[in-house]
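Survey of secondary and tertiary structure
The primary structure of each chain is shown beneath.
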Amino acid sequence: MHSKKTSYQIGLFSEFMARWFLRFHGYRILQSRYVTGKNTNRAEIDIIAKHKNTIVFVEVKARQTTDAAWDAITPNQSARLRRAAETYLMNKHWTGDARFDVIVVCGHKIYWAKNAI
């Protein structure tokens, strides 16, 4: 008997694959599922990684197609993610570079867009 995975389980697995993918490419994972603004207009950053002198905030989307993944990143979500990233950088007193990437997981394929948000 096969049990269907929930969207939550698929999301967790996709984030695991994305972390593995980033490590494979020389990134160090600093934090997963960073949440800011609890009880307000909160945002969750799926992965925060570091490569050389750059902090990379990564949004992971698991969808059937890449188009569906891009459609799932709304302007409101992008704004919340940027505010969360700014809070993280301020709290860490980070003075290096930073960027936002998107990793799309379609089945077992991974698509990585740098400087995407």
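The notes below deal with the structure included here. (Residues numbered from 1 in each chain as written. Predicted model: local features only at pLDDT ≥ 70, side-chain atom pairs only at ≥ 80, totals over all residues. Heavy atoms only, no water.)

This next bit is on the nonpolar core. Ranked by internal contacts, the top residues of the largest apolar core, which has 18 residues, are Ile 45, Ile 48, Phe 57, Tyr 88, Phe 100 and Ile 117. Listed by contribution, the elements that provide at least two residues to this core are β2 (43–51), β3 (54–62), α3 (75–92) and β4 (97–106). Ranked by the residues each element gives to this core, the list is headed by α3, at five residues. In contact with Phe 57, other than residues within four places in its own chain, are Ile 45, Ile 47, Ile 48, Ala 85, Tyr 88, Leu 89, Ala 98, Arg 99, Phe 100 and Asp 101. (Core = buried A, V, L, I, M, F, W, Y, C linked by side-chain atoms within 4.5 Å. Buried < 20%, exposed > 50% of the residue type's maximum accessible area, 1.4 Å probe, protein only. Helix = DSSP H or I, 4+ residues; strand = E, 2+ residues; numbered from the N terminus. Contact = heavy atoms within 4.5 Å.)

Before going further, it helps to spend a moment on the pairing of β2. With seven bridges joining them, strand β1 (residues 28–36) and β2 adopt antiparallel strand pairing. Looking at the pairing, Tyr 34 lines up with Ile 45 of β2. With five bridges connecting them, β2 and β3 associate as antiparallel partners. If you follow Ala 49 over to β3, its bridge partner there is Val 56. Once β2 ends, the chain turns through two residues before running back antiparallel as β3, passing Lys 52 with a positive phi of about 55°. (Pairing = 2+ DSSP bridges.)

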